[in-house]
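Here is what each chain is made of, one letter per residue.
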Amino acid sequence: MRENNIIFKKLSRQIEDLLHKKGSMLYKLQCISKLLKDEVPHYDWVGFYFVDQKNPKELILGPFEGAPTEHAHIPFGQGICGQVAEDEKTRIVQDVARENNYLPCNIDVKSEIVVPIFKSEKFIGEIDIDSYEIAPFTDEDKNFLKKVANMVSELL
Ligand code: SME
């Protein structure tokens, strides 16, 4: 897992740099999604969901990289993303086939990690990552993605 840590360190620096460049918030989130998907071998779909301002008990899909998803709106409580919206805690599902409350994106997805994003301690959205591997996620992913969530929250 040493290799992942090297990738995560490099990505943290790249994301930090990106945040200070010119460009809209949506463009930067799109770049971060692409960077994570392209650079981390076990990240196959990377995207952001945000609390819908018009419907605060629903998540709305933001920028993402990977296969299109039908889950552009997710009510709180539904699926992995909706559960994270409810209890505001990071969730790792190492095998989605064993999860009852799960919204399938495509049949290749085997596992998922969802990390909440907070702004001034208020839950505002989340980073959602799908993997085509079973059980690829470790505490290193969790710590790295929490860091990314903190960096991203500066943009919002
Ligand atoms: N699988 C998610 C739905 C979103 S897609 O992964 C993009 C879930 O169960 O909440």
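Here the structure is a predicted model, which means the values were calculated and not measured.

J.: Sorry, what's going on with the pattern of salt bridges here?
T.: The final tally for this structure, using the stated rule, is three salt bridges. For aspartate 87, the salt bridge is made with arginine 91, and the minimal N-O distance between the two is 3.0 Å. A residue is classified by how much of its surface remains accessible, and aspartate 87, at 33% relative accessible area, is partly exposed. Classification of arginine 91 as partly exposed rests on a relative accessible area of 22%. Of the charged contacts, one joins arginine 98 and aspartate 95 as a salt bridge, the two residues approaching to 3.5 Å between their closest N and O atoms.

J.: Got a minute to help me understand the side chain of serine 12 in this structure?
T.: For serine 12, the position within the fold is in helix α1 (residues 2–19). Judged by its relative accessible area of 9%, serine 12 falls in the buried class. Here serine 12 is in contact with Phe144, Lys147 and Met151, once residues within four sequence places are set aside.

J.: For this particular structure, what's the right way to read helix α4 (residues 139–153)?
T.: Helical geometry note: an α-helix holds 3.6 residues per turn, so side chains three or four residues apart project in the same direction. When the terminal C-alpha atoms of α4 are compared, their 21 Å separation across 15 residues agrees well with the 21 Å that a helix rising 1.5 Å per residue should span. For α4, every residue scored as buried is listed here: Asp141, Phe144, Leu145, Val148, Ala149, Met151, Val152 and Ser153. For α4, the N-terminal cap is threonine 138; the gap from its side-chain oxygen to the backbone nitrogen of glutamate 140 is 3.0 Å.

J.: I would appreciate a short explanation of the site of the ligand in the present structure.
T.: Around the ligand there are 13 residues in total, and Ile80, Cys81, Leu103, Cys105 and Glu112 lie nearest to it. In the model, an oxygen atom of the ligand is placed 2.8 Å from a nitrogen or oxygen of the cysteine 81 main chain. Contacts to the ligand include glutamate 112, whose side-chain N or O atom sits 2.8 Å from a nitrogen atom. Across the complex, the protein chains shield 100% of the 300 Å² of accessible surface that the ligand would expose by itself. In terms of residue count, helix α3 (residues 79–87) provides more of the shell around the ligand than any other element does, three residues in total. A breakdown of the residues in the shell around the ligand according to their chemical character gives eight nonpolar, two polar and three charged.

Reading guide: rules and limits
Residues numbered from 1 in each chain as written. Predicted model: local features only at pLDDT ≥ 70, side-chain atom pairs only at ≥ 80, totals over all residues. Heavy atoms only, no water. Salt bridge = Lys/Arg side-chain N within 4 Å of Asp/Glu carboxyl O. Buried < 20%, exposed > 50% of the residue type's maximum accessible area, 1.4 Å probe, protein only. Helix = DSSP H or I, 4+ residues; strand = E, 2+ residues; numbered from the N terminus. Contact = heavy atoms within 4.5 Å. Expected span 1.5 Å × (residues − 1). Polar contact = N/O pair within 3.5 Å; in protein donor to acceptor, adjacent residues only side chain to side chain. Near = heavy atom within 4 Å. Areas by Shrake-Rupley, 256 points an atom, 1.4 Å probe, with all protein chains shown as cover. Nonpolar A, V, L, I, M, F, W, Y, C, P; charged D, E, K, R; others polar.

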